[in-house]
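Below are the chains, spelled out letter by letter.
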Amino acid sequence: MSKNACRMIGIITMILSVFFILAGLYLPMAGISLTLANILLAVGIILLIAGTVFYKILKTE
């Protein structure tokens, strides 16, 4: 994969992770179950790590 493609995938993944993390933190106040909130938070953290790996580590020269 090219350097630009890795960076674009990384940025998109990190942007999506923000929405999952915010949903996991703030939706329990709106009546969502705590289990689902924890799952959303975990998915957000995993996406953030994966996005960082794509953006910083997997870029090829």
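Because the structure is predicted, anything quoted here is derived from the model rather than measured. (Residues numbered from 1 in each chain as written. Predicted model: local features only at pLDDT ≥ 70, side-chain atom pairs only at ≥ 80, totals over all residues. Heavy atoms only, no water.)

Participant: Whenever I open this one, a nonpolar patch on the surface confuses me. Can you help?
Facilitator: There is a patch of nonpolar side chains on the surface, built from Met8, Ile11, Ile12, Ile15, Leu16, Phe19, Phe20, Leu36, Ile39 and Val43 and spanning about 910 Å² of accessible area. At the level of secondary structure, the elements contributing two or more residues to the nonpolar patch comprise helix H1 (3-26) and helix H2 (34-57). In terms of residue count, the dominant contributor to the nonpolar patch is H1 (7 residues). (Patch = residues over 30% accessible without salt bridge, like charges linked within 9 Å, V, L, I, M, F, W, Y side chains within 5 Å. Areas by Shrake-Rupley, 256 points an atom, 1.4 Å probe, with all protein chains shown as cover. Salt bridge = Lys/Arg side-chain N within 4 Å of Asp/Glu carboxyl O. Helix = DSSP H or I, 4+ residues; strand = E, 2+ residues; numbered from the N terminus.)

Participant: I keep staring at the environment of Gly10 and nothing clicks. Help me out?
Facilitator: In this structure, Gly10 sits in helix H1. Linking Gly10 and Lys56, residues 46 residues apart in sequence, is a C-alpha distance of 8.2 Å.

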